[in-house]
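Reading the structure
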Amino acid sequence: MPAKNLGIENNNLYIGGEWVDSTGGDSYEVRNPAHRHQVLAEVQSAGIEDAESAIAAAKEAAAGWASTPAPQRADVLYRVHELMRERFEEFARLITLEEGKSLPDARGEVQRSLNIIQYAAGEGRRMFGYTTPSESRDTVAYTLRRPLGVVAVITPWNFPLAIPAWKMAPALICGNAIVFKPASSTPLSAIKLTETFVEAGLPPGVLNLVTGPGRSVGDYMVNHPDIAGISFTGSTEIGAKLYSQAAATLKKVQCEMGGKNAVIVLSDADMEQAIGSVALAAFGSTGQRCTATSRVIVEESALDSFLEGLVERTRGMTVGDGLDSCDVGPVASEGQFEKIMEYIGIGQAEGANLLHGGRALTEPEFSEGLYIEPTIFTEVDPGMRIAQEEIFGPVLTVFSCRDLSDAIEISNDVQFGLSSSIYTSDVRKAFRYIEGVDAGMVHVNAPTLGGEVHLPFGGSKASGVGPREQGTEAVNFFSEVVTAYVDYSGGT
Ligand code: UN1
């Protein structure tokens, strides 16, 4: 299959330092969401035997990697950083081809991956413990960090490079060995990332890649006694199940899950800024981003002018193949397409007003891909399903509120708590909001999107369990703290 044209040498699994075919001989096609007939590659599909071999290989390699000094582990990451920078455009293109997001968004994703790899490499010369006076004489008390052992990294399709990078880089710098299971629809960035780690000199067995549709392989890893930790990003439904299953073998778990992120726009806000940011965060990356804006709560007196500006801005957004410098690419898969269209139908049936969009695009230029118009619902009641459930597509719900406290109440009235934002020029209201809003990430006069790699990333309530990702929090997840007491009194 043509994967070599895409800058990938292997369509296989990577286990114990070898690129291998799956034991069962199964493979599957990866297609371009902008041109569904275009098969990008035929990729090996791992089964349970392959997962077992990957776990065994990781287990065997774990001790050697753990005893490699962390600054030397960092050298591998610096080399990955260098190679990835050289291949920047290849990575970006690959992300657009398999996921559908626009090329500028894909470039942003590559840059983010570079940032996290560089940041994690720096941790190799920090990885701090602390010393503290002991209550006993002639005793030194201090803490140090130790890797967990073998960890599973289970990642979604919407950031096929950055999410693997921001889990793998901290896992590796802390000295863990990895079994990596990327989403089945976007394995190509994962393969290329793995190739880059191999080329950078990661010892065999430290990173193992199992591609393919995942239920049985995922379950197998989640239940396996030799896996000490799992870092998962995906739906709340799967995360909740994984969390409870993993408890049986007492694994350390980090789940980064859904969101229903709200922006509050107060009447004293800079409206142009608020409108631009809501449009970008709701419809950019086709809304397929856990930090996308899916609700906007506008103070009554500003609602009409806000909506007028928002519709105008949204009309100006171009939809198309991500390679053709458009604003909104296709949705990533048939499953996503159906789910989003179903929610648009639900919103109408619930009595919300479809202010803009709502259509699947079927004109000839869209006929090969999975395209949905950016969609805005107004007159949304907080109890409606479109107000409560994660749609994960270019669908925005608009609410009106009386004042800040009413807005915070609406914002908090969902099961999720990932990211949130307020637009206001009143600093007192901004701080009240930060205090009152239920979310792991809070923005003032900035979109709900993203985050910087040296700061914690994650959410509360149904959006996340376990320590946050990224920043020093990632080190907390991927290492155990050991407390050491050394008595040098000689017994006197
Ligand atoms: C971002 O929005 O920039 O799955 C990152 C997701 C999140 C990552 C979002 N875990 O969309």
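Scroll up a little and you will see the structure.
Scope of this entry: the structure provided in the associated data block. (Residues numbered from 1 in each chain as written. Predicted model: local features only at pLDDT ≥ 70, side-chain atom pairs only at ≥ 80, totals over all residues. Heavy atoms only, no water.)

Brief notes about the sheet that holds strand β13 (residues 293-299)
Reading across the sheet, the 7 strands line up as β14-β15-β16-β13-β12-β18-β19 and stay open at both edges, with mixed pairing between neighbours. At either end of the open sheet lies a strand with only one pairing partner, and these are β14 (353-356) and β19 (441-444). Strand-to-strand, the axes of this sheet are offset by a mean angle of 25 degrees, without reference to chain direction. Pairing analysis gives 3 bridges linking strand β15 (residues 375-378) to strand β16 (residues 395-401), with the strands arranged parallel. Residue pairing for β16: Phe377 is matched across the bridge by Thr397. Those strands touched by helix α11 (residues 334-350) are β14, β15 and β16, and its axis lies near 25 degrees from that of β15. (Pairing = 2+ DSSP bridges. Helix = DSSP H or I, 4+ residues; strand = E, 2+ residues; numbered from the N terminus. Axes fitted to C-alpha atoms, helices over the stretch in contact; angles between N-to-C directions. Contact = heavy atoms within 4.5 Å.)

Structural notes on the packing of aromatic side chains
The tally for this structure, following the rule as stated, stands at 5 aromatic pairs. Ring geometry for Tyr14 versus Trp19: centroids 4.6 Å apart, planes at 45 degrees, classification tilted. Taking relative accessible area as the criterion, Tyr14 reaches 5% and is therefore assigned buried. We note Lys101 situated over the ring of Phe159; from NZ or CZ to the ring centre the distance is 3.7 Å. We note Lys192 situated over the ring of Phe91; from NZ or CZ to the ring centre the distance is 5.2 Å. (Phe/Tyr/Trp six-rings, centres within 6.5 Å; stacked < 30°, edge-to-face > 60°. Buried < 20%, exposed > 50% of the residue type's maximum accessible area, 1.4 Å probe, protein only. Lys NZ or Arg CZ within 6 Å of the ring centre and 35° of its normal.)

Thoughts on a nonpolar patch on the surface
On the surface, Val427, Phe431, Ile434, Val442 and Val444 cluster together into a nonpolar patch covering about 410 Å² of accessible area. Elements with a contribution of two residues or more to the nonpolar patch: α14 (427-436) and β19. In terms of residues, the nonpolar patch owes the most to one element, α14, which gives 3 residues. Within the secondary structure layout, Ile434 lies in helix α14. (Patch = residues over 30% accessible without salt bridge, like charges linked within 9 Å, V, L, I, M, F, W, Y side chains within 5 Å. Areas by Shrake-Rupley, 256 points an atom, 1.4 Å probe, with all protein chains shown as cover. Salt bridge = Lys/Arg side-chain N within 4 Å of Asp/Glu carboxyl O.)

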